[in-house]
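Spelled out, the chains give:
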Amino acid sequence: MIPPGLLISAPASGTGKTTLMLGLLAALKVRGRTVQPFKSGPDYIDPGFHFAASGRPSVNLDSWAMDRNMIGGLINAADGADLILAEGSMGLFDGVLTDGECGNGASAQIAAMTGWPVVLVLDTSGQAQSAAAVARGFATMHRDVRLAGVILNRVASPRHETMLRAGMEAAGIAVLGCLPRQKELEMPSRHLGLVQAEDQSGLAQTLEAASRFIAENVDLDLMVAAARDTKLTGAAPAITPPGQRIALARDAAFSFVYPHMLNGWRQAGAEILPFSPLADEAPDGNADICWLPGGYPELYAGQIASNSGFLDGLRNFASAKPVHGECGGYMALGEALIDKEGVRHQMAGLLGLVTSYHKRKMHLGYRLAELLAPMPGHAKGARLRGHEFHFSTIVEQTDQPLAEVVDANGDAVGETGSVRGKTTGTYFHQIAEARI
C-alpha cells in the first residue's frame, strides 16, 4: 500500500531544504516511522544522503524526462512505508521553458500530479511579516498545488519568531516549525553540489545532530498529519539493461548512477558486477558489457592514470565487448584528462577524447539525444532523455558523434558523445527513453 506524502520545497536553492529533509528523515526514523524518500529532478547526490538518513533507497522523479506512468511506477518504491517525503529541487515552480514527457521538471508539477502538499522552507533572514507575503504567493500560485505550511528557517531571535508567526497567522498560513540559525549543520559542497554521502566522515554524527535539531524545532505530529494520499500510480517502468551481466565501475571516482536505472536493470534480470578502478580492479571478463558512470575522476586523475591493472584490463575488455561511459566515465575512456592545475593525465585511450578542467565552464541542463549509432541497451535511432552537469570542457574529440543532442529548448548541444568500435560515451546521464 502506498502511504500519504509531503513535498519539501522552497522559493529558491540554498534555503535549507536538504538539511530539513535529512533531519526529518532521521527524526522520524528515531520515532519508529518508516519513511520513503524521493528526489524531484535530476540529482545524483541527495539520494545518497536520503538513504543514509532513512535506511530506504531514494528515487528520482522527473516530470521533464519521465512520463506519468513511469513516475507512478517509481512511486511504488514507497509500498509498505508509513510516509513519503519528497525533496524538491531549486525553487518550487522553477523548471525549463519547454515541456518534456509530462512537464517542465518543476517540483510543483510532482506535487500536483501526486497530490502531495508542499512544506515550504523560507529563509527568513532580513525580513519579518513580509515573509508571509512570499508564503501567500506560493500558496495561491497554482490551483493544483496545495501548501501544507511553512518552516521558518534561520530565525534570528524569539522576537523575530514572534513577528514571523504573526504575519503567517494573518495570512492564514500554518507554521510547522521555526529553525534558529545553525551553521554547524550545513553540508560541505563541491563544484557539483554536496559532497557525496560516502565521502563524508562523521555523517552519522551529523545526521544525529540534524535529527535532534529538527525534533526540537519542528512539530513533527502536525507535519505528519498534513500529509495527503498519493493519487498517482503506474506500472513499474520497463528499463532495458545494457547487457545480462554488467561490469559496473563503483567507487568514489565513479558513483553517479540514477537509482531507478540500477533497479530497472536488476528487475529486467541483469546481474551487476561492481569493480573499483581506484583499487586498480579490472572489469570482470565474464561480463557482457562494462559501464563507467559519472563521478569525480578529476580528483583522482593521477591515481587512475597510474592504475595499470584497471586501464589494461579495461582495454582488453573493450577489444571484444562493449564499453560505455557517462560524463566522468566518458572522460576516463578518452585519451587524456587535464586537471585544474593544467596537468595532463593519460586515460584509457579507447576514445579520441581529451577533456580539461584547467579553464572551468559550467555545462548544465536537460538533454534529448537521438542515437546516430547503437549503444549498449539502445539501437540506432533511439531517443533518450537525460541531464548534463559538469565543468570540464572538450579539448579534442576525433571520433564519430554518438548522437544528435539538443537541450530542453531544442537548441543543438555540442557535447554529442562519441563512438569508436564497441566503445561509446556521453556527457549526459540517461534518465529515461523518450516516449514523445
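Residues numbered from 1 in each chain as written. Predicted model: local features only at pLDDT ≥ 70, side-chain atom pairs only at ≥ 80, totals over all residues. Heavy atoms only, no water.

A. Inspection of unusual backbone geometry at higher detail. Residues other than glycine seldom take positive phi values, yet Arg154 does so here, at roughly 55°. Mapped onto the fold, Arg154 is located in strand β6 (residues 147-155). One non-glycine residue, Cys327, lies in the positive phi region at around 50°. Looking at where Cys327 falls in the secondary structure, it is placed in the loop between β15 (323-326) and α12 (328-333). (Helix = DSSP H or I, 4+ residues; strand = E, 2+ residues; numbered from the N terminus.)

B. Layout of the pattern of salt bridges. Scanning all chains against the criterion turns up 11 salt bridges. A salt bridge links Asp221 to Arg31, with the shortest nitrogen-to-oxygen separation between them at 2.8 Å. Here Arg31 lies in the loop between α1 (17-30) and β2 (35-40) and Asp221 lies in helix α8 (residues 220-225), a separation of 190 residues in the sequence. Among the salt bridges present, the one from Arg420 reaches Asp399, with a minimum N-O distance of 2.9 Å. (Salt bridge = Lys/Arg side-chain N within 4 Å of Asp/Glu carboxyl O.)

C. Highlighting the environment of Phe310. Within the secondary structure, Phe310 sits in helix α11 (residues 308-318). A relative accessible area of 0% means that Phe310 is categorised as buried. Separated by 95 residues in sequence, Phe310 and Val405 place their C-alpha atoms 31 Å apart. Look past the residues within four positions of Phe310 in its chain and what remains in contact with it is Phe275, Pro277, Asp280, Glu281, Ala282, Leu292 and Ile304. (Buried < 20%, exposed > 50% of the residue type's maximum accessible area, 1.4 Å probe, protein only. Contact = heavy atoms within 4.5 Å.)

D. Representation of the sheet that holds strand β12 (residues 271-275). Read across the open sheet, the 7 strands follow the order β12-β10-β13-β15-β25-β24-β22; overall the sheet is mixed. In this open sheet, the two edge strands, each paired with only one partner strand, are β12 and β22 (400-401). Taken together, the 3 bridges between strand β13 (residues 289-292) and β15 define a ladder with parallel strand orientation. The residue bridging Trp291 from the neighbouring strand is His324, located in β15. (Pairing = 2+ DSSP bridges.)

E. Seen up close, the environment of Ala408. With respect to the element layout, Ala408 can be found in the loop between β23 (403-406) and β24 (418-420). Judged by its relative accessible area of 13%, Ala408 is buried. Put simply, Ala408 and Arg385 are 23 residues apart on the chain and 9.6 Å apart in space, counted from C-alpha to C-alpha. Setting aside chain neighbours within four positions, we find Ala408 in contact with Trp64, Val96, Thr98 and Tyr366.

F. A look at the packing of α1 against helix α7 (residues 203-217). In the contact formed by α1 and α7, the axes pass within 7 Å of each other and the chain directions differ by 85°. The angle between α1 and α7 places the two elements in the roughly perpendicular class. When α1 is examined against α7, the residues Leu20, Leu22, Gly23, Leu24, Ala26, Ala27 and Val30 are found in contact with a partner set consisting of Leu207, Ala210, Ser211, Ile214 and Ala215. Residues of the contact of α1 with α7, tallied by class, amount to 10 nonpolar, 2 polar and no charged. (Axes fitted to C-alpha atoms, helices over the stretch in contact; angles between N-to-C directions. Parallel < 35°, antiparallel > 145°, perpendicular 65-115°, else oblique. Nonpolar A, V, L, I, M, F, W, Y, C, P; charged D, E, K, R; others polar.)

That is the geometry; function is a separate question.
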